[in-house]
Amino acid sequence: MSQDTVRWEQDGHIGIITLNRPDELNALNYETLKRLGELIDQVRLDPKEIRVVLVKAEGRAFCAGADLKERRTLNEQQVRRNVSKIRDVFTALERLTQPTIALVNGFAFGGGFELALACDFRFALTDAKMGLTEVSLGIIPGAGGTQRLSRLIGPSRAKELILTARRITAADAYALGIVNGLAQTVSELEEQALSLANEILANAPLAVYQAKAAIDRGASVDLQTGLDVETMAYEAIIPTKDRLEALEAFREKRKPVFRGE
């Protein structure tokens with residue numbers, strides 16, 4: 001069962017994770033979270049082959065959040081288990097070495113929106129709607145939403161969206177800087193995500209990973225500490241074969257061939 005709730009595909013150096021519970025609007029039950037976590041671990045262990053990750057969904061919704069049908073059957077201990085699991089899985093996704101791109105093809109509420117926020121980039125259909133709606137259900141965002149949204153758009157805007165449980169349009173999300181681009185159709189959505197993925201893939205993977213790490217690690221520290229983080233990231237790149245390949249390619253007036261070494 002858990003194998004079917006989330007699909008895995010690989011297209012060259014692009015890994016594709018697809019939520020596959022369209023009849024349940026891709027709501028996240030425990031089995032789905034387990035499978036998603038397994039795939040994220042798989043990606044984490046293979047940065048040489050999997051260099052960019054797309055997160056997408058089947059059907060008319062990206063993800064409606066936690067599976068409330070399942071949630072109604074759980075006792076308090078099981079609820080805590082599920083919340084801990086979703087938090088850990090999304091944190092693992094955020095901490096992947098590889099850049100991640102969410103394709104928001106429809107509703108993204110609660111945990112579904114938090115899933116998108118855990119990715120590095122987000123593209124959305126123009127008719128998609130999203131929001132952290134948990135307070136309307138007597139809870140709060142519990143999978144990183146209060147932290148990631150406030151870091152993305154600032155605490156005042158984040159409070160406005162979270163405390164009102166507001167559902168916003170994709171255009172609103174774009175204006176706020178939550179999504180990187182809008183698309184009219186699913187095929188256009190995929191084209192935009194793949195275009196960005198291929199732009200990233202044209203570059204040295206180890207350099208991409210270190211640049212992402214420097215940005216992420218520096219985001220919550222003072223400037224001087226951030227500069228120190230950047231220095232360490234640069235130092236990690238100096239011994240790489242790809243750095244030397246780039247210099248050789250420049251000398252020979254050709255495109256470099258990066259191998260992630």
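Residues numbered from 1 in each chain as written. Predicted model: local features only at pLDDT ≥ 70, side-chain atom pairs only at ≥ 80, totals over all residues. Heavy atoms only, no water.

A few words on the layout of surface pockets. The volume enclosed by the largest pocket comes to roughly 1100 Å³. Glu94, Asp120, Lys212, Ile215 and Asp216 are the residues nearest the centre of the largest pocket, which is lined by 30 residues in total. Taken together, the elements giving at least two residues each to the lining of the largest pocket come down to helix H4 (76-94), strand S7 (121-125), helix H6 (145-153) and helix H10 (205-218). Counting residues per element, the lining of the largest pocket draws most heavily on H10, which supplies nine residues. Broken down by class, the residue content of the lining of the largest pocket amounts to 13 nonpolar, eight polar and nine charged. Here the second largest pocket defines a volume of roughly 430 Å³. Looking at the lining of the second largest pocket, the elements with two or more residues in it are helix H3 (68-71), H4, strand S6 (107-109) and helix H5 (111-117). In terms of residue count, H4 provides more of the lining of the second largest pocket than any other element does, three residues in total. Across the lining of the second largest pocket, the residue classes tally to 13 nonpolar, six polar and four charged. (1 Å grid on protein atoms, 1.4 Å probe; cavity = no way out; pocket = protein on both sides within 12 Å on 5 of 7 lines; lining within 4 Å. Points joined across faces, edges and corners; volume = space filled by probe spheres on them. Helix = DSSP H or I, 4+ residues; strand = E, 2+ residues; numbered from the N terminus. Nonpolar A, V, L, I, M, F, W, Y, C, P; charged D, E, K, R; others polar.)

Glancing now at the side chain of Thr18. By secondary structure assignment, the location of Thr18 is in strand S2 (residues 14-19). You can call Thr18 buried: its relative accessible area is 1%. Sequence-distant contacts of Thr18, that is, excluding residues within four places in its chain, are made with Thr5, Val6, Arg7, Glu9, Lys56, Ala57 and Glu58. (Buried < 20%, exposed > 50% of the residue type's maximum accessible area, 1.4 Å probe, protein only. Contact = heavy atoms within 4.5 Å.)

A separate point is the packing of H6 against helix H7 (residues 155-164). Interaxial distance between H6 and H7 falls to 7 Å at its minimum, and their mutual angle equals 135°. Here H6 lies oblique to H7, going by the angle between them. When the axes of H6 and H7 are compared, the crossing they make is right-handed. Seen from H6, the contacting residues are Gly145, Thr146, Leu149, Ser150 and Ile153; seen from H7, they are Pro155, Arg157, Ala158, Leu161 and Ile162. (Axes fitted to C-alpha atoms, helices over the stretch in contact; angles between N-to-C directions. Parallel < 35°, antiparallel > 145°, perpendicular 65-115°, else oblique. Left-handed = near helix turned anticlockwise from the far one by under 90°.)

Spatial strand order, S4-S6-S8-S9: four strands in an open sheet with mixed pairing. Edge positions in the sheet fall to strand S4 (61-63) and strand S9 (168-169), since each has one partner strand and no second. Pairing of strand S8 (residues 129-131) with S9, which is carried by two bridges, proceeds in the antiparallel orientation. Its bridge partner being in S9, Met130 is matched across the sheet by Ile168. (Pairing = 2+ DSSP bridges.)

Let us now look at the pairing of strand S1 (residues 6-11). Every regular strand shows the same layout, with side chains that alternate between the two sheet faces. As judged from the six bridges shared by S1 and S2, these two strands associate in the antiparallel manner. Considered in S2, the bridge of Glu9 is made with Ile16. Connecting S1 to the antiparallel partner S2 that follows it, the hairpin turn spans two residues, and Gly12 within it adopts a positive phi of roughly 65°.

In this section: the sheet that holds strand S10 (residues 181-183). For sheets, the rule is that strands pair by backbone hydrogen bonds, running either parallel or antiparallel. Taking strand neighbours across the sheet as the criterion, the six strands line up as S1-S2-S3-S5-S7-S10 in an open arrangement whose pairing is mixed. The open sheet has two edge strands with one neighbour each: S1 and S10. In this sheet, adjacent strand axes meet at a mean angle of 20° when their direction is disregarded. Of the strand pairs in this sheet, strand S5 (residues 100-104) and S7 are connected by four bridges, and their pairing is parallel. Residue pairing for S7: Val104 is matched across the bridge by Ala124. Packing against the sheet, helix H9 (residues 186-201) makes contact with S2, strand S3 (52-57), S5, S7 and S10, and its axis sits at approximately 160° to S7.

Turning next to unusual backbone geometry. Positioned with a positive phi, Leu25 is a non-glycine residue whose angle comes to about 55°. The topology assignment puts Leu25 in the loop between S2 and helix H2 (30-44). In this model, Lys253 sits at a positive phi of 55°, which is unusual for a non-glycine residue. For Lys253, the position within the fold is in the segment after helix H12 (241-252). Lys253 sits in the exposed class, given a relative accessible area of 77%.

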